[in-house]
Amino acid sequence: MTFTREKDFGTPAASGEAVSLTIDGQELTVPAGTSIMRAAAMVETDIPKLCATDSLESFGSCRLCLVEIEGRNGYPASCTTPVAPGMVVRTETDKLRKLRRGVMELYISDHPLDCLTCSANGDCELQDQAGAVGLRDVRFGYEGENHLEGCKDESNPYFTFDPAKCIVCSRCVRACDETQGTLALTVDGRGFASKIAASQDEDFLSSECVSCGACVQACPTSALIENTVIEKGTPDRAVVTTCAYCGVGCTFRAEMRGEELVRMVPWKDGKANHGHSCVKGRFAWGYARHNDRIVNPMVRGSVDEPWREVSWEEAIGHVAREFRRIQNAYGTRSIGGITSSRCTNEETFLVQKLVRQGFGNNNVDTCARVCHSPTGYGLKTTFGTSAGTQDFDSVQHADVILVIGANPTDGHPVFASHMKRRLRQGAKLIVIDPRRIDLVRSPHIEASHHLPLRPGTNVAMLTAMAHVIVTEGLVDEAYVHERCDRDAYAEWAEFVSDPSRSPEAIEELTGVPAQEVRAAARLYATGGNAAIYYGLGVTEHSQGSSTVMAIANLAMATGNVGKEGAGVNPLRGQNNVQGACDMGSFPHELSGYRHISDAETRALFEKDWGATLDPEPGLRIPNMLDAATDGTFKGIFIQGEDILQSDPNTRHVAAGLAAMECVVVQDLFLNETANYAHVFLPGSTFLEKDGTFTNAERRIQLVRKVMEPLNGYADWEVVQLVANAMGLGWGYTHPSQIMDEIARLTPTFAGVNYDALEQRGSVQWPMNEAAPDGTPMMHIDHFVRGKGMFVVTDYVPTDERTGPRFPLLLTTGRILSQYNVGAQTRRTANVDWHAEDRLEIHPHDAENRGVRDGDWVSLRSRAGETTLRAKITDRVAPGVVYTTFHHPDTQANVITTDFSDWATNCPEYKVTAVQVTPSNGPSDWQKSYRELAEASRRIETAEPAE
Amino acid sequence: MTRVFISKDMASVALGADAVAQAFAKAGCEVVRTGSHGLFAIEPLVEVETSEGRVAYGPVGPDDVAAVLDGSHGTRIGAIADHPFFVRQQRFTFARCGVTDPLSLSDYGVHGGWKGLEAATALSAQDVVDAVKASGLRGRGGAGFPTGIKWQTVLDTPADEKFIVCNADEGDSGTFADRMLMEGDPYCLIEGMAIAGHAVGAGRGYIYIRSEYPFAIEAMREAIARSASRIAPFTLEVRVGAGAYVCGEETALLDSIEGKRGQVRAKPPLPAIEGLWGKPTVINNVLSLAAVPFILAEGAQSYADVGFGRSRGTMPIQIAGNVRNGGLYEVGFGVTLGELVNGIGGGTASGRPVRAVQVGGPLGAYFPPSMFHLPFDYEAFAQAGGLIGHAGITVFDDSVDMAHMARFAMEFCAVESCGKCTPCRIGSTRGVELIDRIVAKAPRAAGALETMPQIRNASRAARTHDEEVELLRDLCDTMKHGSLCALGGFTPYPVLSALDHFPEDFGGGDALREAAE
Amino acid sequence: MMNTREHLIYMAGQIFRNFASRGEEAAVSATAEHLVLYWDPHMKAQALDILDDPEIDLPEPVRAVFGKLRVAA
């Protein structure tokens, strides 16, 4: 692929009825509502423009795009003038040329002239248009009043704002308003003094700017430009690939110069992101070439020895020998593997295949265990399939949006921007969250209802909403009658109608006024298309699965499944959580969510793989660790997951890992888990391999290799090396062959292959004979399981309770600039925004404890103790404290307990009883762990080869 | 007890009307504060109620009470309608101004108020719109767009909510008709807006008044409060501007009401289809809306019978500047410019010869006396390279420097530009710089940059005077045809008219005119 | 912290409590079914060992669930 800019039609597409007109003698037909500019661009007539770009509504300020229209006076701007039937337009006349040149002459009278040394040289619309209008001389001269003395703003680590290069086209301001929805930028002053300002004329870093990059992308000059372009020059080729951060699945053009990545530019045709991005995907990719990358395999006899760099051959041979030795000594089921939601579908498929075919057991699990496993269980039980019901675009049809246990503006920022656009258009918002997340009140958005419930009371809250809907007669009876299991509905309706489940009855429990709950329930049931979006604040509870089912119940009762603008939509944490689950990463099921006990499914795989599969479910991660402590589980292959930092009750994880004889970690960096590993296999980044990711809307998108892996192998190749060392004889030469195997063995993927992905850009499963174009929305006429299944969700309080020793409830989450355990984002300039995890505490609770803002505090639970600094805020309610878990020093999971979801063992991260006291230093655990980590990371460099 | 009528119009107050009113009150008179009749040379004006009707005296000072009350005062006018300034006026819109207590609902009713609204509510919305169309009323804010057609668009656009917005951001120099009407007859505007609401199906109206008009703001607010039940269910609210001239542009005005930075919106969409908060909106000037009650009360034909060519009805013309009889003169279209300046206005106040008049505010063209035959008519003025605008006429005597006035136009545009579109944002500043050079007879020499060997295409020779003037004309062309709104688009009118009619002030001769395209 | 056996007993009890609104008998069956579907063979074997260990004071519903598991096995 060579470097060409994406075509810019100037104004957004329209969708009206066909209108015919003539432009420069050429007849054409376009949808009504199309601008003359766009219509012209569609027939390859590019009218000069500067303030127009097709990602933004037309603005009409630059006045370069003037045209002549027969029968109309003057020279209307083609960007703001829609086509009309029979219109005759001329885009090039002497008069127009003169006017455009006059406008350009004004621009250049107030612009630097150092084009050849400008960072946007060759990629500058002002330069292009000056050329297009044929400007040769600026008769005003260059010594009039100007803006050339403005100071550059280099506060943002990723881009620079040079006001001297600014032409005040407002594209950045409009991008911040329309695309991102943060409204951080404005035009300050008026007339000739107009200038772009961030927030109250602050520098970009200290302003409300979230560094999404939309302004940089929109800028037609180098006024806003990526620092990487300033440093490296403009790119010479571009490869479209998929972001490896969150579950939104943005697609980007990786713009390259040779082997070097110059910038990531969100792809306009990306179906998930529509040309938008966030600070992580857009800018935080520097970790890929960070010095901390481990590129050579390493082995050691025991974890107190330093690492020894070895050849791939030696490392792989060691792994194979150790695993076989352990199995011979302790039994077939004594080893297992963990697949990664960070890796591709093909890679996770291979890891679970390695376990099932090679290890001969089902001891495979994935990080979805600790995030969305309850989604799988809950939606499979109620609807019949373990996935969200809609595509992201569906939100543009929602009238009511219910966000529960999710913080989209931080966790899923690009989708949040799309959601905010709909909210600004007038959709109503209900937020159920203990914290006052940003969505509750942000520019031009205010939640109709925020229900700040006590952590751990989701089921009681949702059941109370169901109570209102049923007892106030708001159920969509016709829908339920036709689409759902009637007996189950009757049982459920009777259950929720019980007065003990009314909002009034649970008011004390949840801490939310009953009237608010009633009002929110009524709005959800009667406000039109109602969509539910949820995240880990739903799943990471002792009743995570019940909460998912309670959500599904609400949606079915109100007829909100199977239509646009509605549905039940899990916001997936990681880029490929959906895919990892689809690929059979759970110990009880094969790809496509088919239980391992099903002989027919097993037979399909056995025939294809030439192996006999264990019909019994394998161990889940926490059970693997239990078994390790018991001495029955001795070896593990962990690909791309840092369970020591990310899984709950760190001490339990450490004890389990320490009890194993062969811990193999494959990762980009020496992560925390690697401190307990015996073999380290270097991993490759998403930039270094081909494959596919599946995002939260079941969208399968290609990941394309843009550079050679530093470590020499893509991760799927490493898994194949291990498999073959164990005698499995795999022969994949490209990930597309793995996808072919997945398609062959998985009915919901039957129609998926790389050719189709190349052609269509992306597809949403199920894709097969029944759905040859894939499935943007599920359950349209009937549920996958047949009739929708209402499930009674009794509120069972968690056993994690506050008391005199631990009077506060800790809940956890993440922040925009950082990503999960921070392995990547901590190795980028994103730390400028979030250098450490802080404990949010309500002023009232802080006052009681003598804690001031910024003080070090000790955070203690019955599981452990850590220290971090306090941030006093009323975002959290009294009695609730909150922290992120992005930094290993914080060790937030030393605090979390081993309580978990009843159905799936998804950890109860969101509820831990804690005490907070002033402190003056790290806890004993933090100190001893720091020593251990330091010792464990020693590397003995290999002798240089002769 | 003797009743006397004294204006509380801002202009009258500025001339001492309050002190006069106090003096009459002290003397035991019942003082009724009215609006102004509109001739400032006779303010403060006192009208004494007698058995023969009101007898006017003016100007009157606070020491003149006794002389006025005994009829001996030397400025006795008699019946105001017989004064030469008023005798030929056709007061359709300003009929009550100066006559009634502006806030008295009974005065308003007695003097023909609400007749238009009553007539309108008896008609269908379409019939009202048709009446306005038939009257030939055109937008009095300056653009002259037929009001009835605008209303028809709003009526025809289906929406759950529509608005009537009155543009009372009267910012043009030498204009004061909006202010006088709001201070002197606020119910007339309210009635007009209520009729518009009925005609297009709007339930709510906003009156956007510039902050420099505190009396008008107070009068409108009080009048809205008092007449609320009369116009219900239609409701009205006053919004106060924040000093930006550009907010008098209708779309910037909408942004300002919405609480945004006042910036011009591109059209389409027309405000009539997507206006305030994206809803169909009638935006009309005060004078357009205030003309409507007469049209409905007296019939469209009565209005249309007056006028000239396609300019129907009357225009409240504001005569200001260096002129003897400055004030408001409402008359049917067609009166000549010369009649207005020399006849009605009485020539300059300074007594020196008239050299130029600017019609239509700071962005209107300058006319020399040789063009005084022009009839006051939208089309005639447009054809002569000018505009009527809001019908403000500013008179200058022969001491005026027209190059300075041209520079002022560019400077005004630079100061008031919202900064959105390039021709206005940069062009006005370049225009000031350029005119400065022209006036100083100092054409630009090649700049330091232009003479560097790295720059190849720029001329290294100094520019000539003619080249600088040609550049000014080109700049005016770019601004006129390229600007987003009338601010940048009309700034060339005063500049080019000054250049065309008074080339000698720019250091050139008649030759310059020939150089023009 | 719980040891593995305590953990298994706790887990079974927790699952039972979430099915409890269906009534004792149905909840026991649903819980046992859940264990069959999601517990690995070693965990199931440990459950049966627990059942046989007189030292362990097993809550009644969990005993019933593990009993069902034995029948299923």
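Criteria and thresholds
Residues numbered from 1 in each chain as written. Chains lettered and ligands numbered in written order. Predicted model: local features only at pLDDT ≥ 70, side-chain atom pairs only at ≥ 80, totals over all residues. Heavy atoms only, no water. Pairing = 2+ DSSP bridges. Helix = DSSP H or I, 4+ residues; strand = E, 2+ residues; numbered from the N terminus. Contact = heavy atoms within 4.5 Å. Salt bridge = Lys/Arg side-chain N within 4 Å of Asp/Glu carboxyl O. Buried < 20%, exposed > 50% of the residue type's maximum accessible area, 1.4 Å probe, protein only. Core = buried A, V, L, I, M, F, W, Y, C linked by side-chain atoms within 4.5 Å. Domains from an automatic or database assignment. Buried area = accessible area lost by both parts, 1.4 Å probe. Polar contact = N/O pair within 3.5 Å; in protein donor to acceptor, adjacent residues only side chain to side chain. Nonpolar A, V, L, I, M, F, W, Y, C, P; charged D, E, K, R; others polar. Patch = residues over 30% accessible without salt bridge, like charges linked within 9 Å, V, L, I, M, F, W, Y side chains within 5 Å. Areas by Shrake-Rupley, 256 points an atom, 1.4 Å probe, with all protein chains shown as cover. UniProt positions renumbered as here; feature names shortened; annotations may be inferred. Phe/Tyr/Trp six-rings, centres within 6.5 Å; stacked < 30°, edge-to-face > 60°. Axes fitted to C-alpha atoms, helices over the stretch in contact; angles between N-to-C directions. pLDDT = per-residue confidence, 0-100. Left-handed = near helix turned anticlockwise from the far one by under 90°.

**Notes on the pairing of strand S7 (residues 195-198) of chain A**
On any regular strand, side chains alternate: one points to one face of the sheet, the next to the other face.
All names here are of chain A.
Okay, so step 1: As paired elements, strand S6 (residues 185-188) and S7 share four bridges and run antiparallel to each other. Its bridge partner being in S7, Asp188 is matched across the sheet by Lys195.
Okay, so step 2: Hairpin geometry of S6 and S7 is characterised by an intervening segment of six residues between the two adjacent antiparallel strands and by a positive phi of about 75° at Gly189.

**Quick notes on the arrangement of the chains**
Okay, so step 1: Among two pairs of chains with at least one contact, chains A and B form the most extensive contact set.
Okay, so step 2: The least C-alpha distance between chain B and chain C, which are not in contact, is 49 Å.

**So, the pattern of salt bridges**
All names here are of chain A.
Okay, so step 1: If you walk through the whole model with that rule in mind, you get 96 salt bridges over all chains.
Okay, so step 2: A salt bridge links Glu672 to Arg937; the nearest nitrogen and oxygen atoms lie 2.9 Å apart. One end of the pair, Glu672, is in the loop between strand S26 (662-667) and strand S27 (679-682); the other, Arg937, is in the loop between helix H29 (924-936) and strand S37 (939-940), with 265 residues separating them in the sequence.
Okay, so step 3: Under the relative-accessibility criterion, Glu672 is labelled buried at 7%.
Okay, so step 4: Among the charged side chains, a network of salt bridges with common partners joins Arg5, Asp123, Asp128, Glu226, Arg253, Glu255, Arg263 and Arg282.

**Description of the nonpolar core**
Okay, so step 1: Membership of the largest hydrophobic core comes to 114 residues, with the highest contact counts inside it found for Ile432 of chain A together with Trp39 and Phe66 of chain C.
Okay, so step 2: Ranked by size, the runner-up nonpolar core spans 78 residues in total, among them Met104 and Ala120 of chain A together with Leu484 and Leu487 of chain B.

**Examining the domain arrangement of chain B**
Residues and elements named next belong to chain B.
Okay, so step 1: Parsing chain B into structural domains produces domain 1 (3-80), domain 2 (105-304), domain 3 (315-397) and domain 4 (402-516).
Okay, so step 2: Listed per partner, the contact involves ten residues of domain 1 and eight residues of domain 2.
Okay, so step 3: With both chains or domains summed, domain 1 and domain 2 bury close to 680 Å², and 68% of this area falls on carbon and sulfur atoms.
Okay, so step 4: Considering only the surface of domain 1 that becomes buried against domain 2, Asp9, Met10 and Phe40 emerge as the three largest contributors, covering 62% of it.
Okay, so step 5: Where domain 1 meets domain 2, there are one salt bridge.
Okay, so step 6: Between Arg179 and Asp9 there is a salt bridge whose closest N-O contact spans 3.0 Å.
Okay, so step 7: Connecting domain 1 to domain 2 are two residue pairs in polar contact (both at pLDDT 80 or more).
Okay, so step 8: Per-class residue counts for the side of domain 1 that touches domain 2 are four nonpolar, four polar and two charged.

**Details of a nonpolar patch on the surface**
Okay, so step 1: On the surface, Leu113 of chain A together with Leu449 and Met452 of chain B cluster together to form a nonpolar patch covering roughly 210 Å² of accessible area.
Okay, so step 2: By the secondary structure assignment, Leu113 of chain A is in the loop between helix H2 (94-108) and helix H3 (125-133).

**What to know about the UniProt feature "domain: 4Fe-4S Mo/W bis-MGD-type" (unreviewed entry) in chain A**
Okay, so step 1: Within this structure's numbering, the places UniProt gives as "domain: 4Fe-4S Mo/W bis-MGD-type" (unreviewed entry) are residues 236-292 of chain A.
Okay, so step 2: Between the end C-alpha atoms of residues 236-292 of chain A there is a gap of 28 Å, over a span that is 9% helix and 35% strand.

**Focus: the packing of aromatic side chains**
Residues and elements named next belong to chain A.
Okay, so step 1: One pass over the structure, following the stated rule, counts 46 aromatic pairs over all chains.
Okay, so step 2: With a centroid separation of 6.0 Å and an interplanar angle of 40°, the aromatic rings of Phe159 and Phe283 are classed as tilted. Highlighted residues: Phe159 in strand S5 (residues 159-161) and Phe283 in helix H7 (residues 279-283), separated in sequence by 124 residues. The two residues Phe159 and Phe283 agree in class, both being buried.

**Details of the sheet that holds strand S22 (residues 568-570) of chain A**
Residue and element names in this part refer to chain A.
Okay, so step 1: Taken in spatial order, the five strands make up an open sheet running S20-S17-S16-S21-S22, and their pairing is parallel. Since the sheet does not close on itself, it has two edges, and those belong to strand S20 (449-451) and S22, each with one partner. In this sheet, neighbouring strand axes are inclined to one another by 15° on average, regardless of whether the strands run parallel or antiparallel.
Okay, so step 2: As paired strands, strand S17 (residues 428-432) and S20 are joined by three bridges and run parallel to one another. Looking across to S20, one finds that Ile432 is bridged to Leu451.

**What about the interface of chain A and chain B?**
Okay, so step 1: At the junction of the two partners, chain A supplies 40 residues and chain B supplies 45 residues.
Okay, so step 2: In total, about 3400 Å² of surface goes out of reach between chain A and chain B, with carbon and sulfur atoms giving 54% of it.
Okay, so step 3: When the buried area of chain A at its contact with chain B is split by residue, Arg139, Phe140 and Arg190 of chain A rank highest and sum to 21% of it.
Okay, so step 4: Joining chain A to chain B, the criterion identifies six salt bridges.
Okay, so step 5: Of the charged contacts, one joins Asp477 of chain B and Lys95 of chain A as a salt bridge, the two residues approaching to 2.7 Å between their closest N and O atoms.
Okay, so step 6: The tally of links between chain A and chain B comes to 21 residue pairs in polar contact (both at pLDDT 80 or more).
Okay, so step 7: For the side of chain A that touches chain B, the elements supplying multiple residues, two or more each, are H2 and S6 of chain A.

**Description of the confidence of the model for chain B**
Residues and elements named next belong to chain B.
Okay, so step 1: Averaged over all residues, the pLDDT of chain B is 94; the fraction at 70 or higher stands at 98%.
Okay, so step 2: Element-level mean pLDDT values for chain B span from 42 in helix H23 (residues 511-515) up to 98 in helix H10 (residues 186-200).
Okay, so step 3: Across the interface, the model reports ipTM at 0.95; the global pTM reads 0.92.

**Examining the packing of helix H16 (residues 503-510) of chain A against helix H17 (residues 514-526) of chain A**
All names here are of chain A.
Okay, so step 1: Remark: H16 packs on H17, axes separated minimally by 8 Å, with the N-to-C direction vectors making an angle of 120°. You can see that H16 and H17 cross each other, and the crossing is right-handed. Contacts from Pro503, Glu504 and Glu507 of H16 reach H17 at Ala514, Gln515, Val517 and Arg518.

**Here we look at the environment of Val55 of chain B**
Residue and element names in this part refer to chain B.
Okay, so step 1: Note on placement: Val55 falls in strand S4 (residues 53-57).
Okay, so step 2: Considered as a pair, Val55 and Pro368 are 313 residues apart in the sequence and their alpha carbons are 39 Å apart.
Okay, so step 3: Non-local contacts of Val55, meaning those with residues more than four positions away in its chain, are made with Val46, Glu47, Val48, Thr50, Arg76 and Gly78.

**Focus on the domain arrangement of chain A**
Residues and elements named next belong to chain A.
Okay, so step 1: The assigned domain composition of chain A is domain 1 (18-92), domain 2 (159-289), domain 3 (298-372 + 577-741), domain 4 (390-561) and domain 5 (808-935).
Okay, so step 2: The straight-line distance from the C-alpha centre of domain 3 to that of domain 5 is 29 Å.
Okay, so step 3: The interface of domain 3 with domain 5 comprises 21 residues on the first partner and 28 residues on the second.
Okay, so step 4: Together, the buried faces of domain 3 and domain 5 total about 2200 Å²; carbon and sulfur atoms form 50% of this surface.
Okay, so step 5: In terms of surface lost to domain 5, no three residues of domain 3 exceed Gln645, Asn649 and Arg651, which account for 27% of the buried area on that side.
Okay, so step 6: The interface formed by domain 3 and domain 5 contains zero salt bridges.
Okay, so step 7: At the junction of domain 3 and domain 5, the tally comes to 16 residue pairs in polar contact (both at pLDDT 80 or more).
Okay, so step 8: Those elements that provide at least two residues to the side of domain 3 that touches domain 5 are helix H22 (621-630), helix H23 (643-646) and helix H24 (650-658).
Okay, so step 9: Here the residues of the side of domain 3 that touches domain 5 sort into eight nonpolar, six polar and seven charged.

**A few points about the interface of chain A and chain C**
Okay, so step 1: Taken residue by residue, the interface counts 33 residues in chain A and 23 residues in chain C.
Okay, so step 2: Interface area lost by chain A to chain C is led by Val796, Asp898 and Trp902 of chain A, which between them contribute 22%.
Okay, so step 3: Between Glu616 of chain A and Lys44 of chain C there is a salt bridge, with the nearest N and O atoms lying 2.7 Å from each other.
Okay, so step 4: The interface formed by chain A and chain C includes eleven residue pairs in polar contact (both at pLDDT 80 or more).
Okay, so step 5: Of the residues forming the side of chain A that touches chain C, the biggest block, three residues, is contributed by H22 of chain A.
Okay, so step 6: Its residues assigned to classes, the side of chain A that touches chain C shows eleven nonpolar, twelve polar and ten charged.

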